Amino acid sequence: MRNLVILISGRGSNMEAIVRAAIPGARVAAVISNRPEAAGLEFARRHGIATAVVDHKAHSSREAFEVALAAAIDAFAPDLVVLAGFMRVLGEAFVRRYEGRMLNIHPSLLPAFPGLHTHERALQEGCRVHGATVHFVTPALDHGPIVVQAAVPVLPDDTPETLAARVLAQEHRIYPQAVRWFVEDRLRLTADGRVVLQGVSASAQES
Ligand code: GAR
């Protein structure tokens, strides 16, 4: 059984999608938030999943916060750390600790639009397609070897909200899929930073 530790900061709908996917061979060992008021914690508790809060505001430096966060994560012996709307920038030492076993989802077709307000920025730039990316985490914010992407059309009357909703529906599809590949030992990161995905056709990555 593979232990998943999912990190959230807010709503937690991607975490919910992964829990609901009930991936064979995987167990959501814990949901950890840096914000005590994160709504997703309630869903986790209701589903009998252990929760923890490591409040970044309670620590005097990013380093101290990340030491505490790593201790909280490691208490659940994770095989995979899943960042699901975890909105803190993570330092190099923390990222290296989980190299090859930490995934993130970002609401854009990386490398376009790292950072915040991706949907507004895609609309401002007049993008005709937009989407979401699951990637292995590296020290560069919202960068890292790409595992899977989903594209959606940008429609003429889209607002940031309608576009976000269209992208989010795809996030909920591709994130459980990527986690499943990892749990099935079909997805890994090589020492030189390449993604290897075995037994997955190009169409399965798209559909
Ligand atoms: C998701 O859209 C996720 O892609 C994004 O935050 C949202 C969290 O929603 N993450 C980032 O922007 C990371 N840079 P959720 O809490 O409902 O899963």
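Just so it is clear, the structure is predicted and the values come from calculations on it, not from any experiment.

Conventions adopted
- Residues numbered from 1 in each chain as written.
- Predicted model: local features only at pLDDT ≥ 70, side-chain atom pairs only at ≥ 80, totals over all residues.
- Heavy atoms only, no water.
- Helix = DSSP H or I, 4+ residues; strand = E, 2+ residues; numbered from the N terminus.
- Contact = heavy atoms within 4.5 Å.
- Pairing = 2+ DSSP bridges.
- Axes fitted to C-alpha atoms, helices over the stretch in contact; angles between N-to-C directions.
- UniProt positions renumbered as here; feature names shortened; annotations may be inferred.
- Buried < 20%, exposed > 50% of the residue type's maximum accessible area, 1.4 Å probe, protein only.
- Polar contact = N/O pair within 3.5 Å; in protein donor to acceptor, adjacent residues only side chain to side chain.
- Parallel < 35°, antiparallel > 145°, perpendicular 65-115°, else oblique.
- Left-handed = near helix turned anticlockwise from the far one by under 90°.
- Nonpolar A, V, L, I, M, F, W, Y, C, P; charged D, E, K, R; others polar.

1. Looking at the environment of glycine 91
Step number 1: Along the chain, glycine 91 turns up in the loop between β4 (80–83) and α4 (92–97).
Step number 2: Linking glycine 91 and alanine 151, residues 60 residues apart in sequence, is a C-alpha distance of 29 Å.
Step number 3: Contacts of glycine 91, omitting those with residues within four sequence positions, involve Arg62 and Glu66.

2. Quick notes on the sheet that holds strand β6 (residues 129–136)
Sheets are built from strands that pair by backbone hydrogen bonding, the pairs being arranged parallel or antiparallel.
Step number 1: As summarised here, the arrangement of the seven strands in space is β3-β2-β1-β4-β5-β6-β7, forming an open sheet in which the pairing is mixed. Strands with a single pairing partner mark the edges of an open sheet, and in this sheet they are β3 (50–53) and β7 (146–153). The mean angle between the axes of side-by-side strands here comes to 20 degrees, regardless of whether they run parallel or antiparallel.
Step number 2: Inspection of the sheet shows strand β2 (residues 26–33) paired to β3 by four bridges, in the parallel sense. In the sheet register, alanine 30 faces β3, and the bridge partner there is alanine 50.

3. What to know about the UniProt feature "binding site: (6R)-10-formyltetrahydrofolate" (unreviewed entry) in the protein chain
Step number 1: Feature annotation in UniProt assigns "binding site: (6R)-10-formyltetrahydrofolate" (unreviewed entry) to the following positions: Arg62 and Asn104.
Step number 2: Its location among the elements puts arginine 62 in helix α3 (residues 62–74).
Step number 3: The exposure class of arginine 62 is partly exposed, given its relative accessible area of 40%.
Step number 4: Residues in contact with arginine 62, not counting those within four places in the same chain, are Val89, Leu90 and Gly91.
Step number 5: By the element assignment, asparagine 104 lies in strand β5 (residues 102–106).
Step number 6: Look at asparagine 104 and you get buried, because its relative accessible area is 9%.

4. Structural notes on the UniProt feature "site: Raises pKa of active site His" (unreviewed entry) in the protein chain
Step number 1: Within the UniProt annotation, "site: Raises pKa of active site His" (unreviewed entry) is assigned to Asp142.
Step number 2: Within the secondary structure, aspartate 142 sits in the loop between β6 and β7.
Step number 3: Judged by its relative accessible area of 11%, aspartate 142 is buried.
Step number 4: In terms of polar contacts, aspartate 142 uses its side chain to reach the side chain of histidine 106, at 3.3 Å.

5. With respect to the side chain of threonine 190
Step number 1: Residue placement: threonine 190 occurs in the loop between β8 (187–189) and β9 (195–197).
Step number 2: Taking relative accessible area as the criterion, threonine 190 reaches 12% and is therefore assigned buried.
Step number 3: A polar contact of 2.4 Å, which involves the side chain of threonine 190, links it to the side chain of aspartate 192.

6. Some details on the packing of helix α1 (residues 13–21) against helix α6 (residues 160–183)
Helix-helix packing is characterised by the crossing angle of the two axes and by the distance between the axes.
Step number 1: Viewed as axis vectors pointing N to C, α1 and α6 meet at an angle of 50 degrees, and their least axial separation amounts to 9 Å. Regarding the angle of α1 to α6, the classification is oblique. The two elements α1 and α6 meet at a crossing, and its hand is right-handed. Listed contacts from α6 to Ser13, Asn14, Ala17, Ile18 and Ala21 of α1 are Leu168, Glu171, His172, Tyr175, Pro176, Val179 and Arg180.
Step number 2: Split into classes, the residues belonging to the contact of α1 with α6 amount to seven nonpolar, three polar and two charged.

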